[in-house]
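So you can see what is in the structure, the chains are spelled out below.
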Amino acid sequence: MSHALLAALLVASSTATAQTPVPEGSPPAPAEAAPAESAPSSPAAPVESAPVPSLREAASRADLEALKEELREEIRAEAAKQSIGAADTWAEEFPEEKRKLEVFTLDGYFRVRPTLFYKFDLGKQPGRELFPRSPRSAQENTQSFATMRARLEPTFNISEQVALKMEVLGLDNFVMGAMPDTLLPGNTRNIFDIFSESQDPLADALQQSLKLRRAYGEVKTPVGILRFGRMGSQWGLGMLRNDGTCFDCDFGDTVDRIQFVTNPFEGWYVTPMVDFNSEGVIDNRGTVGEPVDLTQADDAHSWVIAIARRDTDQVIRSKLDNNQGVLQYGLHFTFRQQKWEYDRSTTNGPGTGFIPRDASLYVPDFWLKYEEKNWRLEFEVAAQLGRIGNRALDVGAINDPTLNQSLTVAQFGGVAQGELRLLNQKLSLNMELGFASGDKAPGFGNQPGRQGSGTNGQTVPGDFEGPQYNCGTGGCSDSAIRNFRFNRDYRIDLILWRELLVGVTDAIYVRPSAKYTITDGFDIYGRVIYSQAVYAESTPSYTSKALGVEVNVGADYKTEDGFIAGVAYGILFPMRGLQEFEVTNRADLDTPQTIRAWFGMQF
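Residues numbered from 1 in each chain as written. Predicted model: local features only at pLDDT ≥ 70, side-chain atom pairs only at ≥ 80, totals over all residues. Heavy atoms only, no water.

Caption draft 1: Geometry of the overall build of the protein. Along the protein, the regular secondary structure elements total 6 helices and 25 strands. Sorting the 603 residues of the protein into buried and exposed places 40% on the buried side. In the protein, of all internal contacts separated by at least 6 residues, the share reaching a separation of at least 24 is 63%. By element, 57% of the accessible surface of the protein is carried by carbon and sulfur atoms, the whole surface being about 33,500 Å². (Helix = DSSP H or I, 4+ residues; strand = E, 2+ residues; numbered from the N terminus. Buried < 20%, exposed > 50% of the residue type's maximum accessible area, 1.4 Å probe, protein only. Contact = heavy atoms within 4.5 Å. Areas by Shrake-Rupley, 256 points an atom, 1.4 Å probe, with all protein chains shown as cover.)

See below:
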């Protein structure tokens, strides 16, 4: 008998007792019986006290009390049995609600990007162009191709608290049609590309065909989250540290790291981290097994602390919907040090191929964001400060006074963004200002490993890339590296900084833009970017700071089931800063243009 049924019987028995009729002419029932339908007493007989009940009535009450006591005992026994989990019916009627653990989840995207470049050499003389021209003919102005990429993010949930997360890249930015089967070693079926019917990965391209880029463990503890392994690095707007996970990204910072995320107060996050930047000389020990880092003297490690005040996405949405402001901010600080650097160019044994680098680097990065329902302000400012004790590039130069000078690092950069949302948030007006400190050394410095045109590879006026210091016999005329470099995945345009100069550095730019949502998932946008160098000496002209004005327009489309498509057009109007140095009768630079399209799926 169920618990509910027993209780119902007990209630029914009590009601039956209360409603038991008293025989006509009998005295009233005692007060404890609480009669509902008692027979009327004689009006002449006042009720002062309950008379003694008859034997028949007493027997009836005794039977009812016995029945009620029996029911109570059964209820107590049933409740005791259920309290220790002995009743299967209880579990069936009230099943315990438990969230099932998803052992495997998968996120990522697949994309295809058709692209067209037109006159990206700006019409410059061979050898002076900023972008590689066609190797077939200098008169060929158009380059057209399409690339693809599959990015998979599998997660293996070992338990509710322990998980393994990875990132796998497949056909990473492979040019479509770049691997015809005619290139396979030993191919005898086709000797002309025109007959190729299949695309096959080459032996030397397998690493690019399938690449395990990241893998790290995540453990949730009562006091925080522990992560360890190879993972992406992201902070703030992504100006300096960008994990490259956006749909249009190509690079991404990947670090070997151990970190612990704590939440000491509501909305506050404190994250200490250790990064393994370089371990120097490694002995793979043949087939013995585990490789060994032979010395700690040449290691470069970073000690990082990030402190942030942030709200969850759900809290942000709730505040904005209720017309409340949302303030978030944080500091990411890195200290990096390296005493020695292994000279990988030498064939000497361990202990003889080391450069006394004596280098240290301090990197503060501050981020702030304030947002209300119809507007937003966001800032990120960072610096890289430090010293390189010996600039020698090989062991043979460590004692050469013309090659072993010390260098100073002093770089500053920042971004400010403002957004105004109008027309029920369908129209977004944006303004962005950016600054990256520069260096008077010729060239922008995005590729300091590139040799300049001067003696010993030093840059000279007119070079657009190369080292950002100038040292030689007699010392250094410029011993400081001052050009701050934005992350390459922080994109502000389609041509100048994205393709020609490969990243913002030594520059000031202004970028007004607008975006309009035609319908959910379908946006059109336009932007204008004015760019100039901090120092004219960094530009190819060596005399003018003005680099150019670029106009971009485009459209984005995204469905709820993950399909993504878009197209963008860009045109750059180059200015005097991109002209050649000391060239008489300079011709006007060509106007480069591009059309980019993309489509794929995100999951």
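Caption draft 2: Representation of the nonpolar core within the structure. Among the nonpolar cores identified, the biggest contains 41 residues, and Phe486, Tyr490, Leu496, Trp497, Leu500 and Val504 are the most heavily contacted of them. Put simply, the parts of the chain that give this core at least two residues each are β1 (104-118), β14 (359-372), β16 (407-422), α6 (496-500), β21 (507-519), β22 (522-533) and β24 (563-574). Apart from the residues within four sequence positions on either side, Tyr490 is in contact with Leu237, Gly238, Met239, Asn242, Val415, Gln417, Glu432 and Tyr509. Among the nonpolar cores identified, the runner-up in size contains 6 residues, and Met273, Val304, Ala306 and Ala308 belong to it. (Core = buried A, V, L, I, M, F, W, Y, C linked by side-chain atoms within 4.5 Å.)

Caption draft 3: Region of interest: unusual backbone geometry. Positive phi, normally seen in glycine, also occurs at Leu171, with a value near 50 degrees. Backbone geometry at Leu423 places phi at a positive 50 degrees, although glycine is not the residue there. By the element assignment, Leu423 lies in the loop between β16 and β17 (427-436). Look at Leu423 and you get exposed, because its relative accessible area is 56%.

Caption draft 4: Broad picture of the state of the cysteines. Going through the model one piece at a time under the given rule, you end up with 2 disulfides. What pairs with Cys246 in a disulfide is Cys249, and their sulfur atoms sit 1.9 Å apart. For the disulfide bridge between Cys246 and Cys249, the dihedral angle about the S-S bond is near 105 degrees, and by the sign convention the bridge is right-handed. For Cys246, a relative accessible area of 35% puts it in the partly exposed group. The disulfide partner of Cys471 is Cys476, and the gap between their sulfur atoms is 2.0 Å. In this structure the cystine formed by Cys471 and Cys476 twists about its S-S bond by roughly 105 degrees; its chirality is therefore right-handed. (Disulfide = S-S within 2.5 Å.)

Caption draft 5: Up close: the pattern of salt bridges. For the structure shown, the criterion picks out 33 salt bridges. Residue Asp489 is joined to Arg491 by a salt bridge in which the shortest nitrogen-to-oxygen separation is 3.4 Å. A residue is classified by how much of its surface remains accessible, and Asp489, at 5% relative accessible area, is buried. (Salt bridge = Lys/Arg side-chain N within 4 Å of Asp/Glu carboxyl O.)

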